[in-house]
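Summary of the model geometry
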Amino acid sequence: MKKLFFFLAPLLSIAQTNTEIHLFDISNKENKWHIFNGKNISNNDGYDSQPYFYDDNTVLFSSTRNKQTDIAKYNINTSKLTYISNTPNGGEYSPQRIPNSMNISAVRLDTDGKQRFYSYDFKTGKDTKLIEDLVVAYPMWYDKNTVLSSVIVNDSLHLILSDLKTKTNTTIAKNTGRSFHKIPNSSLVSFIKKTGDSQWSIFSLNPKTKEINKIIYVYEGVQDICWLPNGILLSSLGNTIFKFTPKKDKRWSVFHEFKEEDVNNISRITVNKNGTKLAITAEISPKHIVQKQLNAYNNQNIEEYISAFTDDVKVYSGLEKLEYKNKKVFKFHIGEVMANTKNHQKLVKRYVRNNAVIDEYLTTVNSINNNKKNSFTSIVIYQITNGKISSIRFL
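Figured I'd write up the structure that's included with this text. What you are looking at is a predicted structure, and each value in this text was computed from that prediction instead of being measured.

**Description of the overall build of the protein chain**
Along the protein chain, the regular secondary structure elements total 3 helices and 30 strands. A globule of 395 residues ought to have a C-alpha radius of gyration of about 21 Å, and the protein chain, at 23 Å, matches this closely. For the C-alpha atoms alone, the extent of the protein chain along its principal axes is close to 80 × 50 × 45 Å. Residue burial in the protein chain is summarised as follows: out of 395 residues, 50% are buried. When contacts within the protein chain are restricted to residue pairs at least 6 apart in sequence, long-range pairs at least 24 apart make up 42% of them. Only carbon and sulfur atoms are counted for the fraction: they give 47% of the accessible area of the protein chain, which is about 19,900 Å².

Structure below.
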C-alpha cells in the first residue's frame, strides 16, 4: 500500500498563499462524470479559500481584501461578489450556514491572537460568539444545536462535539484533520484521523452513539474530502480529484484530472446539495508568481520582488551550486545589485510544468557608475511551493 500522510495546519499557522475559488458544473451521463463550465469566481490577488454552498445560488468563502480576511458572498446567477463581514481587527474563516437559520457562522482569528467561533447576521454582518472556551479551528454543523469541530489543544487537533443548548463539550477523538461532512442518506458524519506515525484515514462517526468506523485510507498529501449526494466520496490531490464508493470500491480511482493551467494544488473541494455544482480552491498558475517577481525586478522594487520567495528560498548558480539559502541574505544581495545597476530582463520563452517554471531572458545590464551597457541571454529555473518561489537556479 502507498505510504499515507496528511498535512495538518491549524488556522493559527495558515500560510496565506494566492489561491482562487473555481466553480464548475458537474453531471453524470451514461455512468461517466463530466466537469465543465469552469469559472474563477474570486479573481482576487490574495487568499481565497474554504468555499461553501449557502444555497443553490450562493457560494460563501473566505477572501482577503485590504490586508484582512472577510466573508465573501458570490451570486451564481448574477456573478456578483459582495462581502458579509468587515473585521479590521480580525479575519473570518470556514463560513457556513447555520441550520434552520438565514445566518452564518465562521471562525474568527483576531489580530491579538484570539481565535473563536462566531455567528454573523446574513444581512448586517453583526457577530455573536457561539462557543466561549474552545479554540475552534474547523467546524461543521450537525444540527442547529450541535457542532462538530477540530479544536486546537496544545499542538494537535481534537474532534470535539459541542452542544450549544447545554453548553457542554465532549472529546470524540484526537489527532484529527479539518474536513467534516455529513454522509448522504445516513445520520453519520465523516472525518479524517491520524492512525499511525504518518498514516491518515477517513472514518464515520455517529454523533448520537459516538460509534466510529474506518471507511478508507487517504493518499499522501490529501487534506480535503466531500460527498456527492449518491454516496460517492471525493478527495483531491494536486490537480486531480479521486472517487471512492464505500461497500463497492476497494481503492480510490480518478474522478477528474484538470488540464487547466490555473488549477494547481487543490486544497478545498465541495459540492452543492443537488450535486450539480463543484467548488474548489486551487493555487494560481506558477507562471503568474514568476511574472510578478519579474515585473518587480524590472521596476527595481526590492520589497515586492522579495515577497515572491519563501523564507528559506534556495538560490543556485548553475544546477547544483548553492549560493544562498534564506530570503534575508538573498534580499541583501539583490539590493546590492539594484543599487549599482539598472537591469532589465526581457522574457523570450517560458515553459511551465507542474510547479516548475523555466524562463529564457534577454538581460540588459546598465552600470550606474560608468554607464556601461551589456546584454546577454540567460536561463532561470524556478520551483514553486505553496504559492511562493522556493528555489531559483541561474544558468
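There's more to say after this.
**Some remarks on the pattern of salt bridges**
In this structure the tally under the stated criterion is 12 salt bridges. Between K259 and E257 there is a salt bridge; the shortest N-O distance is 3.8 Å. Relative accessible area serves as the criterion here: at 38%, E257 is assigned to the partly exposed category. The partner of D311 in a salt bridge is K327, with the nearest N and O atoms 3.3 Å apart. With D311 in strand β25 (residues 309-317) and K327 in helix α3 (residues 327-340), this residue pair connects regions lying 16 residues apart in the sequence. When its relative accessible area of 58% is taken as the criterion, D311 is described as exposed. Each of R108, D110 and D127 takes part in salt bridges that share partners, so that together they form one network.

**Some points on the sheet that holds strand β14 (residues 168-174)**
In a beta sheet, neighbouring strands pair by backbone hydrogen bonds and run either parallel or antiparallel. Here 4 strands make up an open sheet; going across it, the order is β11-β12-β13-β14 and the pairing antiparallel. Two strands in the sheet have a free side with no partner beyond their single neighbour: β11 (136-143) and β14. Adjacent strand axes in the sheet meet at a mean angle of 25° when their direction is disregarded. As paired strands, strand β12 (residues 146-153) and strand β13 (residues 156-163) are joined by 8 bridges and run antiparallel to one another. Looking at β13, one finds that V151 is bridged to H158.

Calculation notes
Residues numbered from 1 in each chain as written. Predicted model: local features only at pLDDT ≥ 70, side-chain atom pairs only at ≥ 80, totals over all residues. Heavy atoms only, no water. Helix = DSSP H or I, 4+ residues; strand = E, 2+ residues; numbered from the N terminus. Rg over C-alpha atoms; globule rule 2.2 N^0.38 Å. Buried < 20%, exposed > 50% of the residue type's maximum accessible area, 1.4 Å probe, protein only. Contact = heavy atoms within 4.5 Å. Areas by Shrake-Rupley, 256 points an atom, 1.4 Å probe, with all protein chains shown as cover. Salt bridge = Lys/Arg side-chain N within 4 Å of Asp/Glu carboxyl O. Pairing = 2+ DSSP bridges. Axes fitted to C-alpha atoms, helices over the stretch in contact; angles between N-to-C directions.

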